[in-house]
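Structure at a glance
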Amino acid sequence: MAASIVFPAFVNEYKGTENRINRDIGITFTRLLESVSGYLNTDLTGFDFRRNNFLDDELKSQYISYIFSCSVAGFLKNKNFSPSFVSGYSMGIYAALHYCGSVDFLQGIKMIKQAWEILCRATEGGRFGMGMIIGLDETDLGTLIEDRKDIEISNQNNPYTFILSGTRQAIEIVLEAAREAGAMRISLLPVSKPYHSRFLKRASPEFAEAIGDIDFMPPLYPYISAMDQNMITTGDGLRKEVIVNLSSRMNWMKTMNSLVSNGSDRIFECGAGDGLTRNARFIEGEFQSFSVDKLEKFIESAADK
Amino acid sequence: MGQITANTRAEVKEIVYSFFSEECETDISRIHDDTNIISDLEGDSLMFLELIEIFKKKYNLSIELKTIAKYIVKHPVETIGQLIDTQMLMIEHENNIVNL
């Protein structure tokens, strides 16, 4: 049996206790904040988990999420923990690639910055967004959006939860229609880019060029694509993955199914929050899921095997 | 329709209490009918969905999520007691819950 590590997307809300989960992780996080601040010439050192004070700045939030995920991942590496598989949820791919040894820490930061700048240009002049619908099936959802060219399904988290990307107006209209149709919950996600959708297709070639100088190393651990669930074991494969990741539909439910069917009986969410762990309750199969709050339990479970 | 017996409510209550105790890592003695699911237990809508699935399987219910959601829009569920009441109505009325 095996343990897998999954990396969450950019986190939008912190519990406030993240820097107290583990002393070593807290120290690493602070050190990396300082390092990235110097590298980017942007002060990130004032970030406070309790105040969530960068929430109004999408790019800074992305940096913070990446840095925290890498801090936790570094702790696992220091414990000589070796997973069977790795995957990244949406933009969690950057921390996943670093953990796999494919890119170094600052190359991950550089990719986040470049992707953001390219996406800003690609969406200039438009208002875009993403939304989440819980409680409708794909057929119902398809009916709601079938005649619209300004919105599409960009991800499925579990049998009941779908993510939509598109223009902000279309997202708002479809969310409201979903509520009328009987959705259990709808929410507008706090992002301004329509990730994982065709609306960002023109950003991919530019991003490919921007990261052309990065030498992607073969991953230390097999990487499961969140797009097509293929197992990636080459540096070139990961380069292609990070490029298409911006504008291709993902399917997290199938990704989790793939991890479980490949023998993962423990899955650790390597980052702040517990969204992927909560979502795991709706994934079929015999496995345990651990959020960062349960880091010690996860380490103990790894030692038991 | 699900079979309602004298024990059904006690059974539903036990399942709901045990579920939230485990999911929210809270001692079951701290859960009461007037416990607020969101503010007291930090519960979420996915937990509610999971519970619905548990009851659908246990009582072999034919009920769609969107039907339940439409009912809940009109009858919001905030406490454990309200959740138990809603689960009882689900078992008793299945998809007809929306007409209540």
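All of these numbers come straight from a predicted model, not from anything done at the bench. (Residues numbered from 1 in each chain as written. Chains lettered and ligands numbered in written order. Predicted model: local features only at pLDDT ≥ 70, side-chain atom pairs only at ≥ 80, totals over all residues. Heavy atoms only, no water.)

1. Structural notes on the nonpolar core
Judged by nonpolar contacts, the single largest core of 126 residues is most densely connected at Y94 of chain A together with F20 of chain B. For this core, the element with the most residues is helix α2 (residues 58-78) of chain A, which contributes eleven residues. The residue makeup of this core includes at least three contributed by each of domain 1 (2-122 + 198-304) and domain 2 (128-188) of chain A. Once residues within four sequence positions are removed from consideration, F20 of chain B is found in contact with E25, I31, I37, L41, M47, L51, I80 and L83 of chain B. L136, L141, L175 and I186 of chain A belong to the second largest nonpolar core, which has 15 residues in total. (Core = buried A, V, L, I, M, F, W, Y, C linked by side-chain atoms within 4.5 Å. Buried < 20%, exposed > 50% of the residue type's maximum accessible area, 1.4 Å probe, protein only. Helix = DSSP H or I, 4+ residues; strand = E, 2+ residues; numbered from the N terminus. Domains from an automatic or database assignment. Contact = heavy atoms within 4.5 Å.)

2. Topic: the interface of chain A and chain B
Between chain A and chain B, the contact holds 18 residues from the first and 17 residues from the second. Roughly 1,500 Å² of surface becomes buried between chain A and chain B when both sides are summed, with 60% attributable to carbon and sulfur atoms. Per-residue buried area on chain A facing chain B is highest for Y160, M184 and R281 of chain A; these three make up 40% of the total on that side. Between chain A and chain B we count six salt bridges in total. In this structure, R281 of chain A engages E50 of chain B in a salt bridge whose closest nitrogen and oxygen atoms are separated by 3.3 Å. Applying the counting rule to chain A against chain B returns seven residue pairs in polar contact (both at pLDDT 80 or more). Put simply, the parts of the chain that give the side of chain A that touches chain B at least two residues each are α6 (168-181) and α10 (275-279) of chain A. (Buried area = accessible area lost by both parts, 1.4 Å probe. Salt bridge = Lys/Arg side-chain N within 4 Å of Asp/Glu carboxyl O. Polar contact = N/O pair within 3.5 Å; in protein donor to acceptor, adjacent residues only side chain to side chain.)

3. Overview of the domain arrangement of chain A
Buried accessible area, meaning the area lost when the parts come together, often serves as the stated size of an interface. Residue and element names in this part refer to chain A. Domain parsing of chain A yields domain 1 (2-122 + 198-304) and domain 2 (128-188). If you average the C-alpha positions of domain 1 and of domain 2, the two centres end up 25 Å apart. Between domain 1 and domain 2, the residue contacts involve eleven residues of the former and 18 residues of the latter. Carbon and sulfur atoms supply 46% of the area buried between domain 1 and domain 2, which totals about 1,200 Å² over both sides. Three residues stand out in domain 1 for area buried against domain 2, namely R198, F199 and R249, and they jointly supply 48% of the buried area on that side. There are two salt bridges connecting domain 1 and domain 2. R198 is paired through a salt bridge with E152; the nearest N and O atoms lie 2.3 Å apart. In this structure, the connection of domain 1 to domain 2 is made through eleven residue pairs in polar contact (both at pLDDT 80 or more). Partitioning the side of domain 1 that touches domain 2 into residue classes produces seven nonpolar, two polar and two charged. (Nonpolar A, V, L, I, M, F, W, Y, C, P; charged D, E, K, R; others polar.)

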